[in-house]
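Descriptive structure summary
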Amino acid sequence: MKRVRIIPVLTLDNEKLVKTIKFNHPNYIGDPINAVKIFNEKEVDELVLLDITATKNKREPNYFKIEEIASEAFMPFAYGGGIHNLNQIEKLFKLGIEKVILNSALDKNLDLITSASNVFGSQSIVVSVDVKLNIFNKYSAYTNYGSKKVKENLNSYLAKIERAGAGELFINSINRDGTYLGYDYQLISSLTSQISIPIVVCGGASKAQDFLKAIQSGASAAAAGSLFIYTGKTKGILINYPSQETLLKEVYEKL
Amino acid sequence: MIVIVDYNAGNIKSIQNMLKRIGIKSIIATNSEQIANAEKLILPGVGHFDYGMKNLKMMGLIDMLNQKVLVEKIPLLGICLGAQMIGNKSEEGLESGLGWIDMDIIRFKKEMMFDGFKIPHMSWNEITIQKSSKLLEGLSNESRFYFVHSYHMQTKNSEDILTNSFYGYDFTSSVEKGNIYGVQFHPEKSHKYGMKVLENFSKI
């Protein structure tokens with residue numbers, strides 16, 4: 001038996017909790033604090049919070065809100081959105097978060113990964129890479145919440161991120177976001193065979209068995225947004241998380 | 001009063017948040033005078049072994065820590081790097097540790113681990129309790145804790161082992177010797193299980 005991390009992802013538009021489909025159509029969900037309190041009660045493994053409009057709107061991370069959320073998060077807590085320099089990262093760690101997630105700041109170069117992991121330790125520096133499959137069946141990385149394509153080929157981009165000193169990769173499939181179609185297992189297998197740092201996958205999860213398949217394809221942890229926010233086919237808002245019994249039976253004991 | 005030692009290498013805020021939630025007062029100490037009045041000490045820590053030890057030295061905290069822990073024998077809880085620094089030395093660096101418990105800190109032995117166990121060990125894990133302890137009152141082998149580390153403790157004397165955990169092989173996940181406690185996991189990030197550990201510590 002092996003425990004792996006099953007991670008709810010909350011996407012924020014500044015102070016509002018929203019959920020997208022294929023990185024579009026943000027749907028207003030509610031107050032993030034309530035969601036975090038419920039995830040606490042459900043004893044989730046870890047929590048990822050992404051402010052998806054900070055960079056676009058040239059905002060700083062919302063430190064006040066992040067501190068409020070961190071004070072309610074009795075599990076490992078990662079934050080991404082609007083992070084562009086070491087001062088911001090230091091400030092975020094002092095608020096009580098465990099990991100920062102970098103994405104759009106890497107547009108120009110990857111130096112921030114190296115300097116941040118030298119100062120704070122690589123285990124606390126996560127790089128998120130949003131991946132889109134085009135109609136020619138080719139994967140590309142994107143930054144700026146899916147609006148800016150990275151020219152470099154995906155594999156060499158990821159290899160550079162790993163060499164730069166990232167502690168973990170957070171791979172989000174844009175095509176699968178909010179679709180409940182299952183993770184992109186083909187993508188996971190191809191990436192995990194060439195990357196040795198832990199890979200967290202996100203995008204498309206619809207049930208606990210999907211976590212198992214993601215891990216069996218090579219991921220170190222499985223994350224999900226919609227699955228933990230909505231209920232059933234009607235997609236009513238209901239913050240949820242599988243019980244330990246379910247995770248043991250459906251995932252951990254099969255690993 | 002619980003005093004949390006802040007030597008610029010740990011997530012102090014998370015520990016304070018959790019203590020506050022369970023109604024336990026704590027203060028943060030950055031110098032010897034503040035440590036002098038402690039009834040209990042928490043030594044947190046995240047990061048490199050040498051960085052942590054050098055900071056303790058540079059800030060002039062080691063004599064006072066020795067006085068409180070070895071002479072006055074007040075309870076001390078080391079967390080993660082803070083637990084590792086209780087040992088003699090670490091494969092991660094060249095600095096000497098505090099040497100309060102006879103143990104070395106070694107890197108996870110890759111050759112003993114089969115595929116699928118990546119380093120660092122970054123996940124929740126269970127514990128196997130090796131002896132009864134006030135620190136673990138109300139907790140069991142089913143209790144789970146959050147870990148993130150590439151190095152682990154290896155004691156010279158098995159009676160100092162409080163719990164083991166399995167990650168590729170059994171390693172020591174917490175130690176206890178008299179008034180000195182060290183946990184490799186992060187109680188401040190381990191939900192009700194971690195709360196129980198901190199609550200137990202506050203009652204020792």
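Residues numbered from 1 in each chain as written. Chains lettered and ligands numbered in written order. Predicted model: local features only at pLDDT ≥ 70, side-chain atom pairs only at ≥ 80, totals over all residues.

1. Looking at the overall build of chain B
On a plain count of helices and strands, chain B comes out with six helices and 13 strands. Taken over C-alpha atoms, the radius of gyration comes to 16 Å for chain B, in line with the 17 Å a tight globule of 204 residues would show. Scored against the burial criterion, the 204 residues of chain B give a buried share of 49%. Sequence separation of 24 or more characterises 70% of the internal contacts of chain B that already satisfy a separation of 6 or more. (Helix = DSSP H or I, 4+ residues; strand = E, 2+ residues; numbered from the N terminus. Rg over C-alpha atoms; globule rule 2.2 N^0.38 Å. Buried ≥ 20, exposed ≤ 12 C-beta atoms within 10 Å, placed from the backbone. Contact = placed C-beta atoms within 7 Å.)

2. Overview of the nonpolar core
Ranked by size, the top nonpolar core spans 141 residues in total, and within it L169, V200, V201 and A222 of chain A carry the most contacts. With residues up to four places along the chain from it excluded, the contact list for V200 of chain A reads I7, E168, L169, F170, I171, A219, S220, A221 and A223 of chain A. (Core = buried A, V, L, I, M, F, W, Y, C linked by C-beta atoms within 7 Å.)

3. Examining the packing of helix α3 (residues 86–94) of chain A against helix α4 (residues 111–120) of chain A
Residue and element names in this part refer to chain A. Between α3 and α4, the shortest axis-to-axis distance is 10 Å and the interhelical angle comes to 40°. The way α3 lies across α4 gives a crossing that is right-handed. Only S115, A116, V119 and F120 of α4 make contact with α3, whose side of the interface consists of L86, I89 and F93. (Axes fitted to C-alpha atoms, helices over the stretch in contact; angles between N-to-C directions. Left-handed = near helix turned anticlockwise from the far one by under 90°.)

4. Details of the environment of S156 of chain A
Residues and elements named next belong to chain A. Its place among the elements puts S156 in helix α5 (residues 154–164). Exposure remark for S156: the 9 C-beta atoms within 10 Å place this residue in the exposed category. Separated by 47 residues in the primary sequence, S156 and G203 have C-alpha atoms spaced 22 Å apart.

5. Comments concerning unusual backbone geometry
Residues and elements named next belong to chain B. The peptide bond linking I119 to P120 adopts the cis configuration, its omega dihedral lying at 5°. Positive phi, close to 65°, is recorded for N8, a residue that is not glycine. Looking at where N8 falls in the secondary structure, it is placed in the loop between β1 (2–5) and α1 (12–21). Exposure remark for N8: the 13 C-beta atoms within 10 Å place this residue in the partly exposed category. With a phi close to 55°, K73 is a non-glycine residue in the positive phi region. With respect to the helices and strands, K73 occurs in the loop between α4 (62–71) and β4 (76–79). Overall, K73 belongs to the exposed group, with 11 C-beta atoms counted inside 10 Å.

6. What about the interface of chain B and chain A?
Each side of the interface is counted separately: chain B has 19 residues, and chain A has 19 residues. Sorting the residues of the side of chain B that touches chain A by element identifies α1, β7 (121–126) and β9 (144–149) of chain B as the ones contributing at least two each. A per-class count over the side of chain B that touches chain A returns seven nonpolar, nine polar and three charged. (Nonpolar A, V, L, I, M, F, W, Y, C, P; charged D, E, K, R; others polar.)

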